[in-house]
Structure formats: structure tokens, C-alpha cells
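Now for the letters of each chain:
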Amino acid sequence: MSSRGADQAAQWFAEQYDDAPEGVWHAPGRANLIGEHTDYNDGFVLPFALDRGTFAAAGPHEDGVLELTSRQEPGGAGGTRTVTIALDSLAPGSVRGWAAYPAGVVWSLRQAGYPVPGARMAVESDLPQGAGLSSSAALECAVALALTQLAGFDVVRQELAAIARRAENDFVGVPTGIMDQSAALLCQSGHALLLDCRSGEADSVPLDPALSGLALAIIDTRARHALTESGYGARHIECEEAARALGVRTLREVPGTDSLAALADPVLRRRARHVITENQRVLEAAALLRRGRVAGIGPLLNQSHASLRDDFEISWPEADVAVDAATAAGALGARMMGGGFGGSVIALLPEDGRAVREAVCAAYRDRDWPEPGFLDAPPSSSARRVL
Ligand code: GAF
């Protein structure tokens, strides 16, 4: 995490409100090693925190209002645009655009019995938006931590993750699972987080690819997605339909792929097969990491991508090309990451991943696509106060 981001957020706050913030809080974006579209099916995920994220500089506001400004939003950098929201009038659907996320956090905190008072906030982020790195959850979690700490509420992090998720589900109206908020609030540096989304049990699993001469990289395919617009919600509904047809509460309850013969609809069968096999891959990956066998997860990443592409049908051309080019050029494994239909690919590379980067860039050039972005992805720490 860059200390520059914290300073910039503090400076942005001072410029906007003519006052110093009381503090600056940071929440990271996340990568997901493996376990995609399993969280809302009560399954397993294995995300880790990135060394980039969202900074929220915050201070109290006397007026029972939330005043917000973001350097990344139109009218932000160099402008004076702030959004002012009366806390007592907060209701789902009452705030639109980026401000719905922080406003939703206030609403959700109050619903959970934490009557946070008014606040001023200035937001700064070094996460590319729409790249599938969970900029929304980073914003929610930085704001949630800032508001609760400013008000002196000591909220257990699992509970805070659930509160932030509720902001996104019920206030913003996007039916996401709990993975992204949990990653932002629970991950440890040098570790991935094995989360059982049914029980809430969270275990840190060592993830230090450099010890094996390897590195994790994010390839931003430049194809943009928004969970609000993509087929994310449709997949959620299909999984619920598949569970109902199989007579279980969630797909987590299905013991194995043999049970899927009972599903008449071939589409639902494919969706369910992805979820069941992906849960198995997460557990296998975690077991390999516990034995220090980072290279062993490469084939699991490739299988996950094939499953997301063919059974869950949420991959996109730029991701498929990046995965194929990366693995052909020496990546040990690669797969699309996040909600799907756009965003990023995660790849496990030899420490000097230059050949892979060149191969992916060449494959994009051949197709006249914009050059992909490359981000190092060292497993980093969760949200905290940074100033
Ligand atoms: C998005 C959602 F926010 C997560 O909850 C998760 O479902 C993910 O897509 C897919 O694994 O990031």
C-alpha cells in the first residue's frame, strides 16, 4: 500500500473542507486465487488482499449529514464536487452512483444498531475501476472502518463485512456474496483467506509465491464490467433454481457431480457443475498451499477457467486470449477472476514473467485490442487506519 495514497486523501480532504481530517483509513482491493461464484452458494473461496485499494480521509460533521467527495469521480480531481446526504432520509434507492456505496454503509450500520453520526469524507483510490478487483467493497470497507472508529464503536470484522455486504445487497441493490468484503477486512499479508461462506469460518493459508521462485500477476484485460449490468444476477438466480430443483437449500449441499443427473435442464446442470467442482478445487488449492506447494495450484487455475468459460459461461474473449497466451508462454496457470463478463485474469508465473507479458501483449496486438495492464499481486494486509 502506498503512503502517497494516504497523504493524497488527507490533502484532498483539506482542500475540500478547509480542515484536516481526523484520520485516514485504507481498505484493499482483492484478487481471488480460486473459488468464483461460490460465495453466494454457501461455498468456499480463497481470495487475498492486494497492495492497492481505497483511502477514506474522514472527520466528524456536526449536522447529521454525510458529505462526500471522490478524486476518481467526474467533477472530482481539480473540481469541487461534493455530495451531501441527510442521514435521517437514507433509504434503499435514495442515493445513486458511487455515493450509494458509502451512504449504504451508513444506512446498514444504523440498521445493525450502530447509530453513526454525520461525517465528512474524501475518497482516493489507486484501484482500476471495473477491473474486477473489488473497488466497491474496498470503498465500503474503508468507509465502514472509518465511521465506526470515528464514533468509537468496536465492531468485530466479520460483522463489519456482513454490514458492508448488506449495504451493497440491500441499499445499492447488487446481489453479491460475502467474499469481497471479507477479503478487504480479514486477509493477512503473505496469506490467502480460506473462507467457508456457510459457517463463516475463516482461515489464513500461507501464500508466498516468491519462496517457490514464482509470482502472481493480475492482467487487466481492459474489458470493463459492472456487476449492476452484467449477467451476475442472472447466474445467482440460476444457481438458486438448480438448488431448488435438486431439493437442497444451496448448491453447497449437493454431495458431488453424480447428483446432477437429476437436473433435467442442461443449463442448470452446467451451472451447478461449475459450483460443485469449483468448491472442490478451492479445498485442493488450500491443501496444496498448506504444504507449501504453490506451483501445484497451476492446473487448478486452468481447470477453474475452463469451468467458468464452458459451464458457467461468464468468461469474455479478452480473458480467454490472455489465459491461452499466458499458459502457452510459461504461466503455470491462469484464469478469469471475479464476477465475469469483463475485468481481470490472475496468472501464476515464473518470477521473471516477462515472456508471459510479451506473449499476452502480442496476442492483443494481433487482434487490435488495447494493450492489457499488468499488476503485481503480492498478498497484502486487510483494512486499517493508516494516518
Ligand atoms: C463479485 C462478487 F462481489 C463476489 O461476491 C463474488 O460472487 C464474485 O463476484 C464471484 O466469485 O466479486
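As the structure is a prediction and not an experimental result, all values here were calculated from the model.

About the criteria used
Residues numbered from 1 in each chain as written. Predicted model: local features only at pLDDT ≥ 70, side-chain atom pairs only at ≥ 80, totals over all residues. Heavy atoms only, no water. Pairing = 2+ DSSP bridges. Helix = DSSP H or I, 4+ residues; strand = E, 2+ residues; numbered from the N terminus. Contact = heavy atoms within 4.5 Å. Axes fitted to C-alpha atoms, helices over the stretch in contact; angles between N-to-C directions. Near = heavy atom within 4 Å. Polar contact = N/O pair within 3.5 Å; in protein donor to acceptor, adjacent residues only side chain to side chain. Areas by Shrake-Rupley, 256 points an atom, 1.4 Å probe, with all protein chains shown as cover. Nonpolar A, V, L, I, M, F, W, Y, C, P; charged D, E, K, R; others polar. Salt bridge = Lys/Arg side-chain N within 4 Å of Asp/Glu carboxyl O. Buried < 20%, exposed > 50% of the residue type's maximum accessible area, 1.4 Å probe, protein only. Core = buried A, V, L, I, M, F, W, Y, C linked by side-chain atoms within 4.5 Å.

A word on the sheet that holds strand 5 (residues 83–86)
Sheets are built from strands that pair by backbone hydrogen bonding, the pairs being arranged parallel or antiparallel.
Move 1: With respect to topology, six strands assemble into an open sheet ordered 5-4-6-3-1-13, the strand pairing being mixed. Because the sheet does not close on itself, it has two edges, and the strands there are strand 5 and strand 13 (384–385).

Quick notes on the sheet that holds strand 8 (residues 202–206)
Move 1: Spatially, 2-7-8 is the arrangement adopted by the three strands of the open sheet, whose pairing is antiparallel. A strand with exactly one partner marks an edge of an open sheet, and here the two such strands are strand 2 (44–45) and strand 8.
Move 2: Note that strand 7 (residues 191–196) and strand 8 share five bridges and pair antiparallel. Bridged to H191 within strand 8 is P206.
Move 3: Strands in contact with helix 5 (residues 179–186) are strand 2, strand 7 and strand 8; relative to strand 7, the strand with the most contacts, it is inclined by about 135°.
Move 4: Against the sheet, helix 7 (residues 266–290) makes contact with strand 2, strand 7 and strand 8, and its axis sits at roughly 50° relative to strand 8, the strand it touches most.

Digging into the site of the ligand
Move 1: In the region of the ligand, 13 residues are neighbours, and E36, H37, D39, D180 and Y232 sit closest.
Move 2: D180 is positioned with one of its side-chain polar atoms (N or O) 2.8 Å from an oxygen atom of the ligand.
Move 3: Between the ligand and G339 there is a distance of 3.4 Å, counted from an oxygen atom to a backbone nitrogen or oxygen.
Move 4: If the ligand stood free it would expose 300 Å²; the protein chains cover 97% of that surface.
Move 5: Here the shell around the ligand is built from residues that sort into four nonpolar, five polar and four charged.

Here we look at the pattern of salt bridges
Move 1: In total, this model carries 20 salt bridges according to the counting rule given.
Move 2: Between E124 and R71 there is a salt bridge, with its nearest N and O atoms 3.2 Å apart. Within this pair, whereas E124 is found in strand 6 (residues 119–125), its partner R71 is found in the loop between strand 4 (65–70) and strand 5, the two being separated by 53 residues in sequence.
Move 3: Using a relative accessible area of 4% as the deciding quantity, one classes E124 as buried.
Move 4: Taken together, the salt bridges that share partners define one network made up of R235, E238, R270, R271 and E313.

Examining unusual backbone geometry
Move 1: Even without being a glycine, S134 presents a positive backbone phi close to 70°.
Move 2: In this fold, S134 is placed in the loop between strand 6 and helix 3 (135–151).
Move 3: A relative accessible area of 12% means that S134 is categorised as buried.
Move 4: Phi is positive for D368, which is not a glycine, with a value near 60°.
Move 5: With respect to the element layout, D368 can be found in the loop between helix 10 (354–366) and strand 12 (373–376).
Move 6: Note on D368: relative accessible area 72%, which makes it exposed.

Topic: the nonpolar core
A general trend in soluble globular proteins is that nonpolar side chains are found buried together.
Move 1: Ranked by internal contacts, the top residues of the largest apolar core, which has 54 residues, are L68, I85, L90, V95, L109, M121 and L147.
Move 2: The biggest single contributor to this core is helix 3, with eight residues.
Move 3: Not counting residues up to four positions away in its chain, the partners in contact with I85 are G64, V65, L66, L68, L90, V95, A99 and A103.
Move 4: Residues A217, I314, A322 and A347 belong to the second largest nonpolar core, which totals 37 residues.

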